[in-house]
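For reference, the chains in residue letters:
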Amino acid sequence: MRLILTFLIVAAAIIDLVIGIGFFLNPVSAGSDFGLVPAGEQGRAVLRADMTAFFITAAIFMVWGAWKRRGDLLLVPIALFGVAFIGRGLSAVVDGTYEGWWLPMLVEAAHVIVLAYARLALPHHRVEETGEA
């Protein structure tokens, strides 16, 4: 089971890393895939910085947690994708839906579910055990 979880996490992390690199190298093109159109230099900078940070940070912590078999490291991408899922859900309720609105939510939910299960299955440490208490 751990091998399957590690494979799923690393596969998702590779996809997230590619998305993050896409935002870093060409924020306008990558943004259009997400329905984002930057307003000038500031908008391109926001896409390049914030979207790159989101996806690359998630990917790094996913691979790190899976590779080191440290479930506590998976809390970072769980939080990132969990907050994104909640925000997207709120937007669907408040702003309404659009064609294919459910697909990004499905991807975010899948991230959270797989990572949360992996966090339970992989070892994690209590604060007292790390010597930081």
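Everything numeric here is computed off the predicted structure, so don't read it as measured data.

**Q** How would you sum up helix 5 (residues 102-121)? Please name residues and give values.
**A** Its 20 residues give helix 5 an end-to-end C-alpha distance of 28 Å, which sits within 8% of 28 Å, the value for a rise of 1.5 Å per residue. Residues of helix 5 that are buried: M105, E108, A109, H111, L115, A118 and R119. Tucked into the core, helix 5 has its buried residues touching helix 1 (2-25), helix 3 (40-68) and helix 4 (75-94).

**Q** Describe the pattern of salt bridges, with residues and values.
**A** Under the defined criterion, the tally for this structure stands at three salt bridges. Linking R70 and D72 is a salt bridge whose minimum nitrogen-to-oxygen distance equals 3.0 Å. The exposure class assigned to R70 is partly exposed, which follows from its relative accessible area of 28%. A residue is classified by how much of its surface remains accessible, and D72, at 19% relative accessible area, is buried.

**Q** Lay out the packing of helix 3 against helix 4 in plain terms, naming residues and giving numbers.
**A** Following both chains from N to C, one finds helix 3 and helix 4 inclined at 140 degrees, their axes separated by 8 Å at the closest point. Comparing the axis directions of helix 3 and helix 4 gives the class oblique. Residues F54, F55, T57, A58, F61 and M62 of helix 3 touch helix 4, and the partners they reach there are V76, P77, L80, F81 and A84. Its residues placed into classes, the contact of helix 3 with helix 4 shows 10 nonpolar, one polar and no charged.

**Q** Outline a nonpolar patch on the surface, supporting the account with residue identities and numerical values.
**A** Nonpolar side chains collect at one region of the surface, where Y98, W101, W102, L103, L106 and V107 lie side by side and expose about 600 Å² of accessible area between them. Here W102 is to be found in helix 5. Residue classification places W102 among the partly exposed positions, given a relative accessible area of 47%.

**Q** Give me the nonpolar core: which residues, what numbers.
**A** Counting residues in hydrophobic clusters, the biggest one holds 19 residues, and the most contacted among them are I9, F23, M62, L74, L115 and A118. If you list the elements that add at least two residues to this core, you get helix 1, helix 3, helix 4 and helix 5. Sorting elements by how many residues they give to this core places helix 3 first, with seven residues. Apart from residues lying up to four places away in sequence, A118 is in contact with L5, I9 and L74.

**Q** Hey, could you go over helix 1 for me, with residue numbers and the actual values?
**A** Taking 1.5 Å per residue as the helical rise, helix 1 with its 24 residues ought to reach 34 Å, and the 34 Å between its terminal C-alpha atoms agrees with that figure. L5, T6, I9, A12, A13, D16, G20 and F23 are the residues of helix 1 that are buried. Buried-residue contacts for helix 1 involve helix 2 (27-33), helix 3, helix 4 and helix 5.

Cut-offs and rules
Numbers given for residues are sequential positions, taken from 1 along each chain in its written order. Local features are withheld for residues below a pLDDT of 70 in this predicted model, meaning they are given only at 70 or higher, and side-chain atom pairs are given and counted only at 80 or more; totals for whole chains, interfaces and linings count all residues. The side-chain quantities take in all heavy atoms of the structure and omit both hydrogens and water. Helix and strand definitions follow DSSP, with helices as H or I runs of at least four residues and strands as E runs of at least two, each counted in order from the N terminus. An expected span of 1.5 Å times one less than the residue number is assigned to each helix. Note on exposure labels: buried denotes an accessible area under 20% of the residue type's maximum, exposed denotes more than 50%, and partly exposed covers the range between, all computed with a 1.4 Å probe on protein chains only. Residue contacts are defined here by distance: any two heavy atoms, one from each residue, within 4.5 Å place the two residues in contact. What makes a salt bridge here is a side-chain nitrogen of Lys or Arg within 4 Å of a carboxyl oxygen of Asp or Glu, nothing more. Here, axes are lines fitted to C-alpha atoms. For helices the fit covers the stretch in contact, and angles between N-to-C directions go from 0 to 180 degrees. An angle below 35 degrees is read as roughly parallel, one above 145 as roughly antiparallel, one from 65 to 115 as roughly perpendicular, and any other as oblique. Ten residue types, Ala, Val, Leu, Ile, Met, Phe, Trp, Tyr, Cys and Pro, are classed as nonpolar, four, Asp, Glu, Lys and Arg, as charged, and the remainder, Gly among them, as polar. Patch definition: residues with relative accessible area over 30% and no salt bridge; like charges joined within 9 Å; nonpolar side chains (Val, Leu, Ile, Met, Phe, Trp, Tyr) joined within 5 Å. Per-residue and other accessible areas were derived by the Shrake-Rupley procedure at a 1.4 Å probe size, with only the shown protein chains allowed to occlude residues. Definition used in this section: a nonpolar core is a set of buried Ala, Val, Leu, Ile, Met, Phe, Trp, Tyr and Cys residues joined via side-chain atoms within 4.5 Å.

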